[in-house]
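# Structural description and commentary
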Amino acid sequence: DQQVKQNSPSLSVQEGRISILNCDYTNSMFDYFLWYKKYPAEGPTFLISISSIKDKNEDGRFTVFLNKSAKHLSLHIVPSQPGDSAVYFCAASAVNYGQNFVFGPGTRLSVLP
Amino acid sequence: KAGVTQTPRYLIKTRGQQVTLSCSPISGHRSVSWYQQTPGQGLQFLFEYFSETQRNKGNFPGRFSGRQFSNSRSEMNVSTLELGDSALYLCASSNPGQGYYEQYFGPGTRLTVT
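As the structure is a prediction and not an experimental result, all values here were calculated from the model. (Residues numbered from 1 in each chain as written. Chains lettered and ligands numbered in written order. Predicted model: local features only at pLDDT ≥ 70, side-chain atom pairs only at ≥ 80, totals over all residues. Heavy atoms only, no water.)

## Description of the overall build of chain A
Stated formally: Helix numbers and strand numbers start at the N terminus; a helix is a DSSP run of H or I with at least 4 residues, a strand a run of E with at least 2. With the radius of gyration taken over C-alpha atoms, the globule rule is written as 2.2 Å times the number of residues to the power 0.38. When accessible area is computed with a 1.4 Å probe and restricted to protein chains, residues below 20% of their type maximum are described as buried, those above 50% as exposed, and intermediate ones as partly exposed. Areas reported as accessible are Shrake-Rupley estimates using a 1.4 Å probe. Residue values count occlusion only from the protein chains shown.
Within chain A, the regular secondary structure consists of zero helices and eleven strands. A compact globule built from 113 residues should have a C-alpha radius of gyration of about 13 Å, and chain A, at 13 Å, falls within 12% of that. Its C-alpha atoms give chain A principal-axis dimensions of about 45 × 30 × 20 Å. Per-residue burial for chain A yields a buried fraction of 50% across its 113 residues. Approximately 5300 Å² of chain A is accessible, and the part contributed by carbon and sulfur atoms is 49%.

Written out as structure tokens, the structure reads:
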């Protein structure tokens, strides 16, 4: 049973527009969430995090929104750039799980020039 | 500041052999976690080491083990390799304080078992 789901395997967006990547989770114990992006032949790169005490966190072009009641989070990238083309993973953990982050399967984002 | 380094980057082993992978965390980071990435299962947590002690463990058989040294460098060992152990093995380091923390990943070791 997948505890962290990213239901869109791929997403294509025009350069300059908004990219919205979605993530759903089932374990109500999760209270800390991370987003990573991954280029081929590289390890994942940390992008942004959010804890359950917040519903929004911004860092430059990246904003993460958390809806605890829906067990849903989303990553917004505005404006999207061709260099953003990568696979994006969301990951979740809980206070008792320490570093045991559960990763979603990833969404491949393609930003078209 | 140098990033997380992993050696070797690529490895080919035969079924039944054992393998040791190495990870050097970012300077000052005391937590090292290991993950296995496969096309079918995605990224799965193996274990975490902090101050030379295993702090968390994922759902992997006992053939997968690890250790951490006093300088925070970590190794993971897989004994009696199986074909299904072919994967990208990633380590991540972090500097935990109160609560939670972000992990910084290395480039991974690509293990192929034949």
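## Quick word on the environment of A:Ser8
Residue and element names in this part refer to chain A. To keep it simple, the criterion reads: Contacts between residues were defined by any pair of non-hydrogen atoms, one from each residue, lying within 4.5 Å.
Turning to its location among the elements, Ser8 is positioned in the loop between strand 1 (4–5) and strand 2 (10–14). Ser8 sits 97 residues away from Pro105 along the chain, and the two C-alpha atoms are 9.4 Å apart. Excluding its chain neighbours within four sequence positions, the residues that come into contact with Ser8 are Gly106 and Thr107.

## Comments concerning the interface of chain B and chain A
Threshold: Simply put, the buried area is the total loss of 1.4 Å probe accessible area from both parts when two parts are fitted together. By convention in these notes, a salt bridge is any Lys or Arg side-chain nitrogen within 4 Å of a carboxyl oxygen on Asp or Glu. We define a polar contact as two N or O atoms separated by no more than 3.5 Å, with the added condition that, inside protein, one atom must be a possible hydrogen donor and the other a possible acceptor, whereas residues neighbouring each other in sequence contribute only through side-chain atom pairs.
Counting residues at the interface gives 21 residues for chain B, matched by 21 residues for chain A. Summing both sides of the interface, chain B and chain A together bury roughly 1700 Å²; the carbon and sulfur share of this comes to 57%. Here chain B is connected to chain A by zero salt bridges. Taken together, chain B and chain A are joined by three residue pairs in polar contact (both at pLDDT 80 or more). If you list the elements that add at least two residues to the side of chain B that touches chain A, you get strand 4 (31–38), strand 5 (42–50), strand 6 (53–57), strand 9 (87–94) and strand 10 (104–105) of chain B. Top contributing element to the side of chain B that touches chain A by residue count: strand 4 of chain B, with four residues.

## Some thoughts on the pattern of salt bridges
Evaluation of the coordinates by the stated rule reveals seven salt bridges over all chains. A:Asp84 is the partner of A:Arg61 in a salt bridge, and the nearest nitrogen-oxygen pair spans 2.8 Å. Separated by 23 residues along the polypeptide, A:Arg61 in the loop between strand 6 (56–59) and strand 7 (62–67) and A:Asp84 in the loop between strand 8 (72–77) and strand 9 (86–93) bring together distant segments of the chain. For A:Asp84, a relative accessible area of 2% translates into the label buried. The partner of B:Arg67 in a salt bridge is B:Glu75, with the nearest N and O atoms 3.2 Å apart. A relative accessible area of 46% means that B:Arg67 is categorised as partly exposed. When its relative accessible area of 16% is taken as the criterion, B:Glu75 is described as buried. Salt bridges sharing partners connect three or more residues here, namely B:Arg63, B:Glu82 and B:Asp85.

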